[in-house]
Amino acid sequence: MDNNLVNKIKEFASQNYDEVLAIRRHLHQNPELSFQEFNTSKYIQDVLTKLEIEFETGFVKTGIVALIKGKNPESKVIALRADMDALPILEENNISYKSQNNGVMHACGHDVHSASLLGVASILNKLKSEFEGTIKFIFQPGEEKLPGGASLMIKEGVLENPSPRTILGQHVFPDLPLGKVGFRPGMYMASTDELYLTVKGKGGHAALPHKCVDTVLIACEIISSLQQIVSRHAKPDVPSVLSFGKINSTGGATNIIPDEVKIEGTFRTMNEEWREKAHKKMVKIAEGIAESMGGKCEFEVRKGYPFLKNDEKVTQIAQEAAIAYLGKENVIDLDLRMTAEDFSYYTQSIPGCFYRLGTGESTGLHTSTFNVDEKSLEIGMGMMSWLALNLLDKQ
Ligand code: NI
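It should be emphasised that the depicted structure is a prediction, and the values quoted were computed from it without experimental measurement.

### Section: the sheet that holds strand β3 (residues 77-83)
Right, on to step 1. Taking strand neighbours across the sheet as the criterion, the eight strands line up as β1-β2-β4-β3-β5-β16-β6-β15 in an open arrangement whose pairing is mixed. Edge positions in the sheet fall to β1 (54-58) and β15 (331-333), since each of these pairs with one other strand and no more. Neighbouring strand axes in the sheet, compared pairwise and without regard to direction, differ in orientation by 25° on average.
Right, on to step 2. Judged from the two bridges that link them, strand β6 (residues 181-183) and strand β16 (residues 352-358) form a sheet pairing that is antiparallel. From the neighbouring strand, Gly-182 faces β16, where its bridge partner is Arg-356.
Right, on to step 3. Packing against the sheet, helix α3 (residues 110-126) makes contact with β2 (61-69), β3, β4 (134-140) and β5 (166-173), and its axis sits at approximately 145° to β3.
Right, on to step 4. Along the sheet, helix α8 (residues 312-326) contacts β5, β6, β15 and β16; its crossing angle with β6, the most-contacted strand, is approximately 160°.

Given below as structure tokens:
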């Protein structure tokens, strides 16, 4: 592609910076929880109206879809996505634009994603005569909460009329310094499922265990046996994690065996077929152990997001474009991550690429002191604009 275009985009991104910075700070100051992004949505709609960009609202209540049509708009369509929701965290940053919504915070950078995407819309709107096809902008609610805004927007037809061939999403990353971005073709993030087990037995005096069915011992056996899912059954090339973070009994004490023990955990992996199989195996193992020890185990698997796979070809196009934009030394290969992201629903439907934007050193995502180096907004909007044009051009 024309190298002049890179420079033009960089110039537009630099011109847009102050405005996009103000947008980011407004969103940061006014965070809203998943599926309640009413003011956020209204604010984004106002910005789009000011930019004279056509859009549709009402997807999952707060979702917005905007379209920018270049030359020959029917010829090809791609989509760009940003999420809009915040987290139930009390912000502890000492900043002028600190959250005004007590106990709610943009601690996962979705304010940066939405502000950047508005910056991209502004840039590509100015470049309409320079590209062929249509770019669909998706402002999505509820990334942080099951069943995930992505799955609901897809059900409501966000990937139709017009249907994008591919989709891009970016996410802030405090592990990467400002100025760098990261990509990973193929499997990148895990599916996530919540596990809820209730072990039932017969409580009683702990000194008389022969008169009880010991729920604590059953729970221990179940927890250690379930690890064979990872160590014995998972194939070596399919990353899998099983962790239990909570175990509670109702009514137990040093000298009392409780009637019931509850266990909670998470199962994460990167293969949908194995995921289904593992669920069945885990239930069978837990029920079998409980039964063999005279008790019962009720096992609920609450399914979360699927695993996220970046399309090889789309990722290659994006990565090469990023190198042209930022230089080879600033484009790094990402490691696998066992965290989850509902962007995976899009990539289960169409080829896509979810990449990371370096936002400089900070405490981790989902912490009360998370923040970004705001200069990342300029790179975020400029680079995504450039990636979008390359994707339209090269596929
Ligand atoms: Ni996030």
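### Section: the coordination of the nickel ion
Right, on to step 1. The protein atoms donating to the nickel ion are Cys-108 (SG), His-110 (NE2) and His-171 (NE2), with metal-donor distances spanning 2.2 to 2.3 Å.
Right, on to step 2. We note that the donor set of the nickel ion lies within a single chain, spaced as C-x1-H-x60-H. Residue Cys-108 is located in the loop between β3 and α3, and its partner His-171 is located in strand β5; the two are separated by 63 residues in the primary sequence.
Right, on to step 3. Its relative accessible area of 2% is what places His-171 among the buried residues.

### Looking at the environment of Phe-244
Right, on to step 1. In this fold, Phe-244 is placed in strand β10 (residues 240-250).
Right, on to step 2. Along the chain, Phe-244 and Tyr-305 lie 61 residues apart, while their C-alpha atoms are 18 Å from each other.

### What about the sheet that holds β10?
Right, on to step 1. Ordered by their spatial adjacency, four strands build an open sheet running β10-β12-β8-β13, and the pairing between neighbours is antiparallel. The open sheet has two edge strands with one neighbour each: β10 and β13 (296-303). With strand direction ignored, the average angle separating the axes of adjacent strands in the sheet is 15°.
Right, on to step 2. Across 10 bridges, the pairing between strand β8 (residues 191-200) and strand β12 (residues 260-269) is antiparallel. Each residue of the ladder has a partner; that of Tyr-196, found in β12, is Glu-264.
Right, on to step 3. Running at roughly 155° to β8, helix α5 (residues 215-226) makes contact with β8, β10, β12 and β13 of the sheet.
Right, on to step 4. Along the sheet, helix α7 (residues 272-292) makes contact with β8, β10, β12 and β13, crossing β13 at roughly 160°.

### Quick look at the packing of aromatic side chains
Right, on to step 1. Under the criterion given, the structure shown has five aromatic pairs.
Right, on to step 2. Here Phe-183 and Tyr-355 contribute two aromatic rings whose centre-to-centre distance is 5.2 Å and whose plane-to-plane angle is 20°, an arrangement assigned as stacked. Of this pair, Phe-183 sits in strand β6 while Tyr-355 is found in strand β16, placing the two residues 172 residues apart along the sequence.
Right, on to step 3. Using a relative accessible area of 0% as the deciding quantity, one classes Tyr-355 as buried.
Right, on to step 4. A network of ring pairs unites the aromatic residues Phe-343, Tyr-346 and Phe-354 as a single cluster.
Right, on to step 5. The ring of Tyr-196 carries Arg-302 above its face, with NZ or CZ at 4.0 Å from the centroid.

Cut-offs used in this document
Residues numbered from 1 in each chain as written. Predicted model: local features only at pLDDT ≥ 70, side-chain atom pairs only at ≥ 80, totals over all residues. Heavy atoms only, no water. Pairing = 2+ DSSP bridges. Helix = DSSP H or I, 4+ residues; strand = E, 2+ residues; numbered from the N terminus. Axes fitted to C-alpha atoms, helices over the stretch in contact; angles between N-to-C directions. Contact = heavy atoms within 4.5 Å. Donors = N, O, S within 2.8 Å, 3.2 Å for Na, K, Ca; no water. Buried < 20%, exposed > 50% of the residue type's maximum accessible area, 1.4 Å probe, protein only. Phe/Tyr/Trp six-rings, centres within 6.5 Å; stacked < 30°, edge-to-face > 60°. Lys NZ or Arg CZ within 6 Å of the ring centre and 35° of its normal.

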